[in-house]
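# Per-entry structural report
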Amino acid sequence: MSAPLTSLDRPNSYIGRSVPRPNAKRLLAGRGRYVSDLKLPRMLHAAFLRSPHAHAKIVAIKTDAARAVEGVHLVATGADFARICTPWTGTLDHFKGMTSTPQWPLPLDRVVWAGQAMVAVVAESRAIAEDALELIEVDYEDLPIVVDIDGARKPGGPVINPGSASNVCFRSQLDSGTVDDAFMHAAHVVEEEFTFGRHTAVTLEPRALVADYDPSAGMLTVHHGTQTPYQFQDLYSRHYGIPEARVRVIATDIGGSFGMKLHVYHEDMAVVGLSILLGRPVKYVADRMESFVSDIHARDHRVRARMALDAKGEILAMDVVDLTAIGAFSTYPRTSVVEGNQVIRLIGAPYRLTNYRAALEVIFQNKVQTSQYRAVGHPIACAVTERLVDMAASKIGLDAFAIRELNVIPDDAYPQTSPTGYRFEALSHQACLKRLHEMMDYDGLRAEQADLRKRGIYRGIGIAAFVEITNPSPAFYGVGGARISSQDGAILSLTPSGEVRCLISVTEQGQGTEAIISQIVADQLGVAQDHVRVITGDTEVTPHGGATWACRGAGIGGETALQATRVLKRNILEIAALILQEQPSALDIIDGEVVDVATGKPRLPIAEIARIAYFRSDTLPPGAQAQLTVSHHFAPQGYPFAFTNGIQGCLLEVDVETGLIKLLKHFIVEDCGRIINPMLVDEQLRGGIVQGLGAALFEECRYSDTGQLMNGSLADYLVPMPMEMPDIVIAHVETPTADTVLGAKGVGEAGTAAASACVLNAVNDAFAPFDATINSIPITPAKILKALKRF
Amino acid sequence: MSGFDETLQDEAEAPVRVRFVVNGRKVACEVAPRDTLVDCLRDKLELTGTHAGCEMGACGACLVQLDGRAIHSCLIYAVQADGARIDTIEGLSEGGVLADLQAEFHRRNALQCGFCTPGMLINAQELLSRVAEPGRGEIRDALSGNYCRCTGYEAIVDAIDAVAKARSKGGVAT
């Protein structure tokens, strides 16, 4: 009864509280409004003929039979789009020397991966459109196929982009300190080559859009299952030559995105073009097999890395080469080199490291594009760093915790700048390490491991520290010339009945954006959360902003909402002060009532202020203009990124007979700054970890030598299911960023960032009694048995 | 022409009249023989709460009850369901059958994007109708035909566990 009061005991205190998401009730009742559910009058359906070849010249396309099918309205090829759409090139200015060829909605003369959309058919139903696809004949002339990294780099080998000297998209080099010198004087050097397979987002709702061009109004409306409606408004406007104000992008409920739904896809641009050509709404929903061959893939890196240490185990230097293969084009508008760039810049990030050298080579190949997917580059940087740290520990005879305690940047040593140029405001590696050690009962687990080992049960314990990039500023894409906003906007109104409407540019994909924004608004204004209605995802209604990607929803969107609310509150109190003949500073708002600051005594409901302002402004003093709608924008300043950190731990068991791995328990200590809704943060972390565990053990887009994706269905491509996933224990350290009032950083990628590194370390730990190591992700049973020389 | 047999297309498209009892209401509609039940529910009957995720019975987003049992509506043709009683997420929600599960999922935020959620709830209901108080392992096992990409599954397991316990005590959770 007499527990001390906390900030959460204050009325309307919602920041930091685990409240359910208001919009989740709809989804639970089957009343979601996904784009795939949408049906418009006069709507037609598009389907695409896809290339069976990974690389071929298009000699002729015969479409007469398809056009003749009853119910078919249009058959369109690349040339039809080239007349109305300008091409795009996936490069950014700040990646000097980067190349990629221009892309059109559908190809003009060549196909460059198996599964590339070739011809579009629009018909009265998807089934009729698919029937018609079967009647299209294409004459191809095979071109040499470049499938793997080595093949792509072979001097004198086939070149994918005509006119290019090689298949290199981009090269970059970082070099700071005295790396060679450090290696020369090192007591210990560890070195390894790592491979990371391609995997893909597998959102449960595939990509979906309905494009609706009204030629009479010159207006394009696109219902688009995307994270970034403003970006697509800009792109559709520029590439199809429609004034921006006449392009509306509506993103209602989205069935999963994870970065996958913010890239430009050829089919999506084509569907907009089809609607323009027909003047009718056209719907396209990728089926699952199309998703596998046309959604972006991610990862696909081969990294060679070495680490030098002194006799005590202090890290002296790292030297890294990252080769990454990205498919035939670089994606637009964010490019496909961002992942590799983040890999080489995040390696070594948790540690005191001054001597660092890295080379990055980004390479084209005849596969679908890779690009940004949850925790861009983080899992690779983390796995490389943390595996080398473990290798060094075992070489020197240090425990996994001990070597990290020795090397992490101390919590009191911030601000810090990494040798790769990242500026860290304040991180908490030491606190996180300590907390993880307790939470895992690490010593107990080690004793149990030793015990079980005697009985032929091989358990592994792995830990991995990480640094996560969140709240990106204009330094991310803006400086490279991409029209991707790093600011967000909110329009906040007090309605005539005293409720609050918040239109905000950050979008909701299920993370709980709308919930946390309503929490922040309710908290800052002093009203009940259910009196706040948050509206997202409509460029015609909500102000322009970057929307939700790269963990910017809470940190940037939340701060925007907070600042907007403070302006609205000030305005409400100014009107209240006029009505009550009081100083605004003597008034506050609690539970929707204006109260005296000093006594807490209610004076006037804010609904009454709204009523007077909207309907009886004649009773206000002359000159009073009630501003009960405020429009406010916020762009991050100060640090270019709000870096977060944390550490994960993993306990697993390797069956050395079958090569199967059982995940027993997973742990995370994470520091995302100010937590707005602990329940949402925790399941966000768990979801991220599960995506990382999927990558660690199951997920891989496997290609044949001829560039065919061999496991492009949910029966063949393994995703983590509940049975294989462990319970996940979570703890938090809170180091708010001082760059914002709210203090929140991102949390969406933290789980994915270190999960596969943890598993890699745990499997190698389980291998300790054997002469075996593993350095390749995903860690499949076949790889385990091969490492154990049993296969 | 390419030798395409147009009669095959005509047959595939020739409508067939089917009758169901959907969410307690008699429904008749015309479907093509190749239309799956999920297509019929979503497109013809506009019951969009049932989702198509993989269209091969692997992801569980399309689960509905057919004569009281959970089935994948992407794996049967609409014509095969002729004469059956079908209950979708919409009917089960309105009838209050899932109310305690929905409340517990909401309270624990056992969903994110919500695309898998109708199938998840229908599977959970099926499990609890077979096993009064399943262990966490049993719950995880039973859900292994329901793919969720957003959550870590843990809140879902927790929610079903809580409802199972509440139901077996004769009450409701929360």
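Small disclaimer: the values here were computed from a predicted structure and weren't measured. (Residues numbered from 1 in each chain as written. Chains lettered and ligands numbered in written order. Predicted model: local features only at pLDDT ≥ 70, side-chain atom pairs only at ≥ 80, totals over all residues. Heavy atoms only, no water.)

For chain A, the count of helices and strands is 20 helices and 29 strands. Its C-alpha atoms give chain A a radius of gyration of 28 Å, within 12% of the compact-globule value 28 Å for 791 residues. Taking the intrachain contacts of chain A between residues at least 6 apart in sequence as the baseline, contacts between residues at least 24 apart amount to 79%. Across chain A, the 72 positively charged side chains and the 89 negatively charged ones have centroids separated by 1 Å. (Helix = DSSP H or I, 4+ residues; strand = E, 2+ residues; numbered from the N terminus. Rg over C-alpha atoms; globule rule 2.2 N^0.38 Å. Contact = heavy atoms within 4.5 Å. Lys, Arg positive; Asp, Glu negative; His and termini not counted. Charge placed at Lys NZ, Arg CZ, Asp CG, Glu CD.)

Once that is clear, we can look at the interface of chain A and chain B. Each partner contributes to the interface: chain A provides 56 residues, whereas chain B provides 55 residues. For the pair chain A and chain B, the summed buried area comes to about 4,600 Å², and 57% of that belongs to carbon and sulfur atoms. One can count eight salt bridges joining chain A with chain B. A salt bridge links E46 of chain B to K39 of chain A; its shortest N-O distance comes to 3.2 Å. For the pair chain A and chain B, the interface holds 31 residue pairs in polar contact (both at pLDDT 80 or more). Top element by residues in the side of chain A that touches chain B is helix α18 (residues 678-697) of chain A. It accounts for eight residues. Looking at side-chain class alone, the side of chain A that touches chain B contains 31 nonpolar, eleven polar and 14 charged residues. (Buried area = accessible area lost by both parts, 1.4 Å probe. Salt bridge = Lys/Arg side-chain N within 4 Å of Asp/Glu carboxyl O. Polar contact = N/O pair within 3.5 Å; in protein donor to acceptor, adjacent residues only side chain to side chain. Nonpolar A, V, L, I, M, F, W, Y, C, P; charged D, E, K, R; others polar.)

Okay, empty space enclosed by the protein next. All names here are of chain A. Across all of its chains, the model carries nine cavities of 30 Å³ or more by this definition. Of the pockets and cavities examined, the largest cavity occupies roughly 740 Å³. Lining the largest cavity are 46 residues, with Q511, T548, C551, Q684 and G748 positioned closest to its centre. Sorting the residues of the lining of the largest cavity by element identifies α10 (338-346), α15 (513-525), α16 (553-580) and α18 as the ones contributing at least two each. At three residues, the largest contribution of residues to the lining of the largest cavity is made by α18. Of the residues assigned to the lining of the largest cavity, the class counts are 21 nonpolar, 19 polar and six charged. Its volume calculated, the second largest cavity comes out at about 90 Å³. Lining the second largest cavity we find N471, G555, I556, F634, P636, Q637, Y639, F641, A642, T737, D739 and T740. Residue composition of the lining of the second largest cavity, grouped by class: six nonpolar, five polar and one charged. (1 Å grid on protein atoms, 1.4 Å probe; cavity = no way out; pocket = protein on both sides within 12 Å on 5 of 7 lines; lining within 4 Å. Points joined across faces, edges and corners; volume = space filled by probe spheres on them.)

Before going further, it helps to spend a moment on the sheet that holds strand β1 (residues 16-22) of chain B. Residue and element names in this part refer to chain B. Strand order in this open sheet of five strands is β2-β1-β5-β3-β4, and the pairing throughout is mixed. Looking along the sheet, the strands with just one partner apiece sit at the ends: β2 (25-31) and β4 (69-72). Averaged over all neighbouring strand pairs, the angle between strand axes comes to 40°, with direction disregarded. One ladder, built from four bridges, connects strand β3 (residues 63-66) with β4; its direction is antiparallel. Each bridged residue has a counterpart across the sheet, and for L63 the counterpart in β4 is H72. Along the sheet face, helix α2 (residues 37-44) touches β1, β2, β3, β4 and β5 (85-87) and points at about 105° away from the line of β2. Seen against the sheet, helix α5 (residues 117-130) touches β3 and β4 and runs at an angle of roughly 45° to β3. (Pairing = 2+ DSSP bridges. Axes fitted to C-alpha atoms, helices over the stretch in contact; angles between N-to-C directions.)

In this section: the confidence of the model for chain B. Averaged over every residue, the pLDDT of chain B is 92; the share at 70 or more is 90%. In the predicted assembly, ipTM is 0.95 and pTM is 0.96. (pLDDT = per-residue confidence, 0-100.)

Residues and elements named next belong to chain B. One pass over the structure, following the stated rule, counts zero disulfides over all chains. Of the cysteine sulfurs around C54, a residue in no disulfide, the closest is that of C59, at 3.8 Å. No disulfide involves C74; its nearest neighbouring cysteine sulfur is the one of C62, lying 3.7 Å away. Under the relative-accessibility criterion, C74 is labelled buried at 9%. (Disulfide = S-S within 2.5 Å. Buried < 20%, exposed > 50% of the residue type's maximum accessible area, 1.4 Å probe, protein only.)

Glancing now at the pattern of salt bridges. Applying the stated criterion across every chain, the model contains 60 salt bridges over all chains. In this structure, R126 of chain A engages E130 of chain A in a salt bridge whose closest nitrogen and oxygen atoms are separated by 2.6 Å. Separated by four residues within a single helix, R126 of chain A and E130 of chain A lie in helix α4 (residues 126-133), roughly one turn from each other. The partner of R149 of chain B in a salt bridge is E699 of chain A, and the shortest N-O contact between them spans 2.8 Å. Of this pair, R149 of chain B sits in the loop between α6 (136-142) and α7 (154-168) while E699 of chain A sits in the loop between α18 and β28 (727-732), which puts the two residues in different chains. Assessed through its relative accessible area of 4%, R149 of chain B is described here as buried. Connected through shared salt-bridge partners, R50, R126, E130, R207, E267, D268, D287, E290 and D295 of chain A make up one network.

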